[in-house]
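One-letter residues, chain by chain:
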Amino acid sequence: MVLVPQHLLVNNLDAVEQRLGRDESAELFRDAGRRSAWHWCAHESARLGLSGAAIVRHYLDRLSRRGWGRFEIDALDPSRGELSVRVRHSALLPVDGSDRSVDRACYLFEAWFEGALQYTSGRSGTVPVRETRCGVNADECLFTSDGPGRCHDNQRRP
Ligand SMILES: [Zn+2]
């Protein structure tokens, strides 16, 4: 575990986005984020004997406790690829003194949720998750899966 100041994290993301653009930055981090979430869930599942929705709930609880934001689940059915999560106080939002100017600032979480859903569903493919509303322009962020049952099997397993 490494503690990182929020401004360091956000400024590093900003530097990557300035160089590559938001969409390329999101793609750059997507595989690593997905893979990391998958392995975290696998480790915790083996350690605690959790499975299904319980491991996703445990994952989001840990993210909240570790300061990434306050994650609240509105809908979750891993077997159908269904997920809706609201995040308040995201650690990825621009901080004072930051020039970060993206419309959806918290896209790293998309891949993390995809990895957790993929692990718990047991599918080889990924259900895409998108930040459909961000705290940059609203009170909280909202992440939803593309829809129950939709799965991109052309994406490789982490
Ligand atoms: Zn956001």
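Preceding block: the structure.
The structure presented is a predicted model; accordingly, all values stated were derived computationally and were not measured.

> Can you walk me through helix α1 (residues 6–20) in this structure?
Note on helix geometry: an α-helix contains 3.6 residues per turn, so any two residues three or four positions apart are oriented the same way. Compared with an ideal rise of 1.5 Å per residue, which puts 15 residues at 21 Å, α1 spans 21 Å between its outermost C-alpha atoms and is within 8% of the ideal. Turning to α1, its buried residues are V10, L13, D14, V16 and E17. In a view along the axis of α1, the buried residues occupy a sector of 165°, so they form one face of it. Exposed residues lying more than 90 degrees from the buried face of α1 are Q18 and R19. Along its buried surface, α1 packs onto α2 (22–48) and α4 (108–121). Of the residues flanking the end of α1, it is G21, one or two places downstream, whose phi is positive at about 90°.

> Whenever I open this one, a nonpolar patch on the surface confuses me. Can you help?
The grouping of V2, V4 and L8 at the surface amounts to a nonpolar patch, some 280 Å² of accessible area in total. Look at V4 and you get partly exposed, because its relative accessible area is 47%.

> Explanation requested: the side chain of S84 in the structure shown.
Checked against the element boundaries, S84 lands in strand β2 (residues 82–88). For S84, a relative accessible area of 14% gives the class buried.

> Help me understand unusual backbone geometry in this model?
Its identity is not glycine, yet H89 carries a phi of approximately 60°, on the positive side. Mapped onto the secondary structure, H89 falls in the loop between β2 and α4. Look at H89 and you get exposed, because its relative accessible area is 62%.

> Help me out: how do you make sense of the environment of T126 in this one?
Mapped onto the secondary structure, T126 falls in the loop between α4 and β3 (129–133). In this structure, the C-alpha to C-alpha distance between T126 and L92, residues 34 residues apart in sequence, is 23 Å.

> What should I look at first to understand the pairing of strand β1 (residues 70–77) in this one?
Each regular strand carries side chains that alternate between the two faces of the sheet. Examined bridge by bridge, β1 and β2 share seven bridges and lie antiparallel to one another. Paired with D77 across the bridge in β2 is E82. Hairpin connection of β1 to β2: four residues between the antiparallel strands, including G81 at a positive phi of 70°.

> What exactly am I supposed to notice about the coordination of the zinc ion here?
Six octahedrally arranged donors around a metal ideally form angles of 90 or 180 degrees; four tetrahedrally arranged donors ideally form angles of 109.5 degrees. Every protein donor of the zinc ion is accounted for by C106 (SG), E131 (OE), C134 (SG) and C141 (SG), and the metal-donor separations fall at 2.0 to 2.4 Å. Taken together, the four donor atoms coordinating the zinc ion and their angles of 101 to 118° define a geometry best described as tetrahedral. As a motif over one chain, the donors of the zinc ion read C-x24-E-x2-C-x6-C. Of the two residues, C106 sits in the loop between β2 and α4 while C141 sits in strand β4 (residues 141–145), which places them 35 residues apart along the sequence. With respect to burial, C106 and C141 carry one shared label: buried.

About the thresholds
- Residues numbered from 1 in each chain as written.
- Predicted model: local features only at pLDDT ≥ 70, side-chain atom pairs only at ≥ 80, totals over all residues.
- Heavy atoms only, no water.
- Helix = DSSP H or I, 4+ residues; strand = E, 2+ residues; numbered from the N terminus.
- Expected span 1.5 Å × (residues − 1).
- Buried < 20%, exposed > 50% of the residue type's maximum accessible area, 1.4 Å probe, protein only.
- Arc of directions from axis to C-beta.
- Contact = heavy atoms within 4.5 Å.
- Patch = residues over 30% accessible without salt bridge, like charges linked within 9 Å, V, L, I, M, F, W, Y side chains within 5 Å.
- Areas by Shrake-Rupley, 256 points an atom, 1.4 Å probe, with all protein chains shown as cover.
- Salt bridge = Lys/Arg side-chain N within 4 Å of Asp/Glu carboxyl O.
- Pairing = 2+ DSSP bridges.
- Donors = N, O, S within 2.8 Å, 3.2 Å for Na, K, Ca; no water.
- Tetrahedral: all angles 85-135°; square planar, octahedral: opposite > 155°, others 65-115°.

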